[in-house]
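Structural overview for review
Single-letter residue listing:
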Amino acid sequence: MLTSLLIWLEDTPGSVWVREYPSLFGFPFILFLHTLGLAMLAGVSIAIDLWLLNAVTFARTVRMTGLIRVMWLGLGINTASGVALLLAYPAKALTNPVFYAKLLLVVGGVYAVARINREAFPGGAAIAGAPINAIAKRWAVGSLVIWAGTIATGRLLAYTHSVLFASQLP
Amino acid sequence: MSLSDVIRWLTSTPVNTVVMDYRWVWPISEILHFCGLAVMVGTVGAFDLRLLGLGKGVAPATLHRSLRYGVAAFVLSATTGSLFIFGQPDQYFYNAAFKFKVVALLLLGLNVSLFYTLEARRVLALGPNDDVPLRAKLIAATSLTLLVSIMLFGRMLTFFRP
């Protein structure tokens, strides 16, 4: 049942296009977009985590709406490019437990970003002199660990898959 | 000394043996390379976005404090990147994407020097909602473009292999 679903997915025009489009604007560019999205979401999130962990109070009033938008845009780019990459090689990803670990970590990372935004920047801002509370700091540590895990599992996908195509499944 | 001599020398070093003979050295280096990339692009990119006005509401000096982590991350990425070159030098030295990536890295270094020479003092004194001088914005736009180019050429390495 799963094998036939994977074979069907691999044969869809979208899957064939991503996998076989003979240009750098096909699979290679989608892979680049996935890295760009990672930098926008995880990168900016890490920068904010490091800032929160190295301060006791907000020295000045801050409004974070611009950077928060960048992170959510990064999530959008990552989701769209991730779906395209999954569509290209569904059997490779869906038969690999590391892929599910990565998905869980991404969900955890996004939740951590949302919690940090709520704890440290309620309403998208923090006023001068406001303390950075312990909960926000704990989530900042959690976020750093989660993003490191996401990157690690993402890279390991290239080394841990057992099949490339559904036809190779037993 | 020709390029092939350099490649021969790199492949004869113990570093090459470690990178190529131990199964997990390459994947672990890749993980560290990408972690470094995320921290570097995140910290430098967030600062650049503030200078361009997208992160207005945060004083440039606040985001500037995180740049030291960006520098540390760059060192990590450069070190792990060097391991890849020691491991398979011919895959990099004859690769157009690698050459573009190195040029982009050098230009990024030059751009950073320009910022600290011309604009840093003025920019770091600005408040959360102050507008940034045009020249600093141009430097930030160049920095962001180069960061994205570095990621782009890095991802293209596989597809330009000789």
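Calculation notes
- Residues numbered from 1 in each chain as written.
- Chains lettered and ligands numbered in written order.
- Predicted model: local features only at pLDDT ≥ 70, side-chain atom pairs only at ≥ 80, totals over all residues.
- Helix = DSSP H or I, 4+ residues; strand = E, 2+ residues; numbered from the N terminus.
- Buried ≥ 20, exposed ≤ 12 C-beta atoms within 10 Å, placed from the backbone.
- Contact = placed C-beta atoms within 7 Å.
- Nonpolar A, V, L, I, M, F, W, Y, C, P; charged D, E, K, R; others polar.
- pLDDT = per-residue confidence, 0-100.
- Axes fitted to C-alpha atoms, helices over the stretch in contact; angles between N-to-C directions.
- Left-handed = near helix turned anticlockwise from the far one by under 90°.
- Core = buried A, V, L, I, M, F, W, Y, C linked by C-beta atoms within 7 Å.

Scanning chain B for helices and strands turns up eight helices and zero strands. Counting from the amino terminus, chain B carries its helices and strands in the arrangement α-α-α-α-α-α-α-α. Over its C-alpha atoms, taken along the principal directions, chain B stretches across nearly 55 × 30 × 25 Å. By residue count, 38% of the 162 residues in chain B fall in the buried class.

Time to look at the overall build of chain A. Across its full length, chain A carries seven helices and two strands. Along chain A, from the amino end to the carboxyl end, the secondary structure elements read α-α-α-β-α-α-α-β-α. Overall, chain A is about 60 × 30 × 25 Å in size when its C-alpha atoms are taken along their principal axes. For chain A, buried positions account for 41% of its 170 residues.

Counting from both sides, the interface comprises 31 residues of chain B and, opposite them, 33 residues of chain A. The element contributing the most residues to the side of chain B that touches chain A is helix 3 (residues 25-51) of chain B, with 14 residues. Looking at side-chain class alone, the side of chain B that touches chain A contains 20 nonpolar, seven polar and four charged residues.

Once that is clear, we can look at the environment of B:L118. Here B:L118 lies in helix 7 (residues 96-124). Once the C-alpha coordinates of B:L118 and B:R135 are considered, the two residues, 17 residues apart in sequence, prove to be 8.7 Å apart.

On to the confidence of the model for chain B. The share of residues in chain B with pLDDT of 70 or more is 100%, and the mean pLDDT across the chain is 95. Here the prediction assigns the complex a pTM of 0.93, and the interface score ipTM is 0.91.

On to the packing of helix 3 of chain B against helix 8 (residues 134-156) of chain B. All names here are of chain B. Where helix 3 contacts helix 8, the two axes come as close as 8 Å, and the packing angle between them is 150°. Note on packing geometry: the crossing formed by helix 3 with helix 8 is left-handed. Along the contact surface, helix 3 presents V41, V44, G45, D48 and L51, while helix 8 presents A136, K137, A140, S143, L144, L147 and M151. Tallied by class, residues from the contact of helix 3 with helix 8 come to eight nonpolar, two polar and two charged.

A:V44 and B:A38 are the most contacted members of the largest nonpolar core, which has 85 residues in total. A total of 17 residues in this core trace back to one element, the largest contributor, which is helix 3 (residues 27-53) of chain A.

The next subject is the environment of A:L36. As for its placement among the helices and strands, A:L36 is situated in helix 3. Residues A:L36 and A:S81, 45 residues apart in the sequence, show an inter-C-alpha distance of 10.0 Å. Ignoring any residue separated from it by four or fewer positions in sequence, one finds A:L36 in contact with A:I77, B:V148 and B:M151.

A few words on the confidence of the model for chain A. Of all residues in chain A, 100% have pLDDT values of 70 or greater, and the mean over the chain is 94. Ranking the helices and strands of chain A by mean pLDDT puts helix 7 (residues 134-160) of chain A first, with 97, and strand 1 (residues 62-63) of chain A last, with 87.

It is worth spelling out the environment of A:D11 at this point. All names here are of chain A. Inspection of the secondary structure assignment puts D11 in helix 1 (residues 2-11). By C-beta crowding, D11 is classed as exposed, having 10 other C-beta atoms within 10 Å. Put simply, D11 and A88 are 77 residues apart on the chain and 9.5 Å apart in space, counted from C-alpha to C-alpha.

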